[in-house]
Amino acid sequence: MTTKKHNENVSRDNANDEEAYDSPWDEDDSSESGEESNEEEDSFCITSLESDLSEKAKVTAFATTTCNCKFGEGEKPCSASLSLDELVESRSNCHELTSTELDLVILGAIQSSLNCNEVSVSRRSHKHCQQTRMAFYYHGKRICKKTFLFLHCLNKNRFCSLVKHYRKNGLSVRVNGNKKRLPSSAFSSETIEQVVKFILNTAEEQALLLPGRVPGFKRIDVRLLPSVLTKHSLWKTYCEISTSQGKNHVGYSKFCDLWSQLCPFVLIMRPATDLCWTCQKNNNLIQKTANLPEAEKVEAVRNQEQHL
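As for the overall build of the protein chain
Next up, step 1: Along the backbone of the protein chain there are 12 helices and 6 strands.
Next up, step 2: Of all 308 residues assigned to the protein chain, the portion counted as buried reaches 30%.
Next up, step 3: Residue pairs at least 24 apart in sequence account for 64% of intrachain contacts in the protein chain once pairs closer than 6 positions are excluded.
Next up, step 4: As displayed, the protein chain offers around 20,300 Å² of accessible surface, 51% of which is attributable to carbon and sulfur atoms.

Remarks on the environment of tyrosine 238
Next up, step 1: Positionally, tyrosine 238 belongs in helix α9 (residues 231-244).
Next up, step 2: In this structure, the C-alpha to C-alpha distance between tyrosine 238 and valine 195, residues 43 residues apart in sequence, is 7.7 Å.
Next up, step 3: In contact with tyrosine 238, other than residues within four places in its own chain, are Thr191, Val195, Phe198, Asn248, His249, Val250 and Phe255.

Comments concerning the side chain of threonine 147
Next up, step 1: By the secondary structure assignment, threonine 147 is in helix α6 (residues 145-151).
Next up, step 2: Judged by its relative accessible area of 0%, threonine 147 is buried.
Next up, step 3: When near neighbours in sequence (up to four residues on either side) are disregarded, threonine 147 contacts Phe62, Cys67, Cys78, Ser79 and Leu82.

Let's talk about the packing of aromatic side chains
Next up, step 1: With the rule as written, the count across this model stands at 9 aromatic pairs.
Next up, step 2: For the ring pair phenylalanine 62 and phenylalanine 150, a centre distance of 4.1 Å and an interplane angle of 10° mean the geometry is stacked. Separated by 88 residues along the polypeptide, phenylalanine 62 in helix α3 (residues 55-65) and phenylalanine 150 in helix α6 bring together distant segments of the chain. Each of the two residues, phenylalanine 62 as well as phenylalanine 150, counts as buried.
Next up, step 3: Geometrically, the ring pair formed by phenylalanine 136 and phenylalanine 159 is tilted, given 5.8 Å between the ring centres and 50° between the ring planes. Taken together, the residues phenylalanine 136 in strand β3 (residues 136-138) and phenylalanine 159 in helix α7 (residues 156-169) connect sequence positions 23 residues apart.
Next up, step 4: Residue classification places phenylalanine 159 among the buried positions, given a relative accessible area of 0%.
Next up, step 5: Within the aromatic cluster, the residues linked to one another by ring pairs are Phe198, Tyr238, Phe255 and Trp259.
Next up, step 6: Over the aromatic face of phenylalanine 150 sits the side chain of arginine 91, whose NZ or CZ is 4.3 Å from the ring centroid.
Next up, step 7: Above the face of the tryptophan 259 ring, lysine 231 is positioned so that its terminal group lies 5.1 Å from the ring centre.

Description of unusual backbone geometry
Next up, step 1: Unusually for a residue other than glycine, asparagine 68 sits at a positive phi of about 65°.
Next up, step 2: Tracing the chain through its elements places asparagine 68 in the loop between α3 and α4 (84-96).
Next up, step 3: A relative accessible area of 36% places asparagine 68 in the partly exposed class.
Next up, step 4: In this structure, histidine 139 is a non-glycine residue whose phi angle is positive, near 55°.
Next up, step 5: Tracing the backbone shows histidine 139 in the loop between β3 and β4 (141-143).
Next up, step 6: For histidine 139, a relative accessible area of 64% corresponds to the exposed category.

Quick notes on the rules
Residues numbered from 1 in each chain as written. Predicted model: local features only at pLDDT ≥ 70, side-chain atom pairs only at ≥ 80, totals over all residues. Heavy atoms only, no water. Helix = DSSP H or I, 4+ residues; strand = E, 2+ residues; numbered from the N terminus. Buried < 20%, exposed > 50% of the residue type's maximum accessible area, 1.4 Å probe, protein only. Contact = heavy atoms within 4.5 Å. Areas by Shrake-Rupley, 256 points an atom, 1.4 Å probe, with all protein chains shown as cover. Phe/Tyr/Trp six-rings, centres within 6.5 Å; stacked < 30°, edge-to-face > 60°. Lys NZ or Arg CZ within 6 Å of the ring centre and 35° of its normal.

The structure is reproduced here in structure tokens:
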């Protein structure tokens, strides 16, 4: 008889200890422990009409309906102990944060409140934890999970994901799984090297190397291709060579992008910059004969034609 009473007291103490915490994954909360039930959660879900309400209206609706827990003073709802200004201020601050910054704020709260022990310790017994318990606080006030999520503009899925991330990786920033994954349209390094090699070989064969700085260009190591060439014609030549060798080739836009990124010192001269000194001298003379007699104009044009 004494042993039976002792077991009943131990089970009662364990139940009282567990009632003081919320589980991040708990959906069914008993009214005796002050935790939310599924019906109460469903009643607070945002409907399509409520999604159009302003932030002020959402806060007012939450303060009116309350969270229906018993964590407040005198077993009142914990949301009743928070003023409208506190609710608006907390949600406004969370809206101003980026997604990564808000994750760090929640991870900090999880780190300070989550019970990661595998064994539950009470005054009279030790037993294996079946669920993870977590206590929620706001400015030193004990609050329930519903109020905590509302204050930080969170939904349950995101909060549970953060809890799982913390248990696995600790206090660290979540990284998207596709961050280091290359897109399916990305070209291999070998294909890019072929493009660069083709451009450099073309510049080696046909580029004009002038001593010193070339007028009109900021770079000193610039290599000027003849103005008769175009990027489109060079791209066609590159495609023909790649096809004959059975290799992949890039498109025209990608060809131009790689040229600008990897070979910016190889440029095509403008039509008026690849003239010899005699051509430039004759052109200047033709321009200066605009107001001269017709005979001098004809002579200047004839000299240019003879040179060409």
